[in-house]
Structures are given as structure tokens and as C-alpha cells.
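Survey of secondary and tertiary structure
The primary structure of each chain is shown beneath.
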Amino acid sequence: MSEIHRYCQLRCRLDQVCLSDCSYLDEINATFFHFIFVQTISLVWAFLYDGTFVLDTFEWLAIRYNYMSSLFVYVATIGSFIGHFLLIYSFLLILAAALAIYRIASITDPADI
């Protein structure tokens, strides 16, 4: 199989990935923006959960409402799950951004072949 034929196949696959009228640079830009956005949400979630804000809120509410101590266990479990999900998702976004850059870097000019 000639190099030009492989280049054409690669180009067709890349065109299938980006079905709309977006350029490859726009695709990478959107990938990095999504990654930064999720990282920001993850950091805000971590700062909110790392301190004693949630615990202090539930202790303050437990004075007035008796069921708050049992509700805290459920909220803490759900919050931990969301934090873990954001962590794993951000790792996958790092991988997606790196693969998008690698995909763009693998395109060669047919004149160089």
C-alpha cells in the first residue's frame, strides 16, 4: 500500500470524526476547553468537600432537625461518588486531549512522502 493511499485513508477517517464544518484546531480547542471546565468544577467540588463546610452545615442543622445526622451519611456518600466520578472523568479528558494532539501531529503533507 502506498504512502499516499495511507494518507488519504487517514484523512478520510479524520473527516469522519469531524462531521460538521469544524476545523481540527477548533476540535482541539473544544477538547481543551472542556477539560479546563471539568477541572475547574472538580477543584471547586474538592475545596467544598475538603473543608468542614458540609459538616458544619449539617451540625448546625442537626440542632434544629433530628434527622440531619442520618441524612449527612447519604449526602457524604453521594458527594464522594460525584468527586470520584469527576476525578476519573478528568483523567479520561487528559487522555482525549493528548490523543487529539497526537492525531493532528500524525497528519503529514503528501509532498513530504
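For the structure itself, look to the data block above.
Quick notes on the rules
- Residues numbered from 1 in each chain as written.
- Predicted model: local features only at pLDDT ≥ 70, side-chain atom pairs only at ≥ 80, totals over all residues.
- Heavy atoms only, no water.
- Helix = DSSP H or I, 4+ residues; strand = E, 2+ residues; numbered from the N terminus.
- Buried < 20%, exposed > 50% of the residue type's maximum accessible area, 1.4 Å probe, protein only.
- Contact = heavy atoms within 4.5 Å.
- Expected span 1.5 Å × (residues − 1).
- Patch = residues over 30% accessible without salt bridge, like charges linked within 9 Å, V, L, I, M, F, W, Y side chains within 5 Å.
- Areas by Shrake-Rupley, 256 points an atom, 1.4 Å probe, with all protein chains shown as cover.
- Salt bridge = Lys/Arg side-chain N within 4 Å of Asp/Glu carboxyl O.
- Phe/Tyr/Trp six-rings, centres within 6.5 Å; stacked < 30°, edge-to-face > 60°.

Structurally, serine 90 is set in helix H4 (residues 68–105). With relative accessibility at 3%, the residue serine 90 sits in the buried group. In contact with serine 90, not counting residues within four places along its chain, are Phe35, Val38 and Gln39.

Within the fold, phenylalanine 35 resides in helix H2 (residues 24–50). For the pair phenylalanine 35 and isoleucine 94, spaced 59 residues apart in sequence, the C-alpha separation works out to 7.0 Å. Excluding residues that lie within four positions of it along the chain, phenylalanine 35 makes contacts with Ser90, Leu93 and Ile94.

Now for H2. Owing to its 3.6 residues per turn, the α-helix brings residues three or four apart onto one side. Compared with an ideal rise of 1.5 Å per residue, which puts 27 residues at 39 Å, H2 spans 38 Å between its outermost C-alpha atoms and is within 8% of the ideal. All buried positions along H2 are accounted for by Tyr24, Glu27, Ile28, Thr31, Phe35, Val38 and Ser42.

Taken together, the side chains of Leu87, Ile88, Phe91, Leu92, Ile94, Leu95 and Leu99 present a nonpolar region at the surface, about 640 Å² in accessible area. Note on leucine 95: relative accessible area 48%, which makes it partly exposed.

This next bit is on the packing of aromatic side chains. In the structure shown here, the tally under the stated rule is three aromatic pairs. When the ring of phenylalanine 33 is compared with that of phenylalanine 37, the centres are 6.3 Å apart and the planes differ by 20 degrees; the resulting orientation is stacked. With a gap of four residues between them, phenylalanine 33 and phenylalanine 37 both fall in helix H2, about one helical turn apart. Since its relative accessible area comes to 58%, phenylalanine 33 is described here as exposed. By relative accessible area, which is 46% here, phenylalanine 37 ends up partly exposed.

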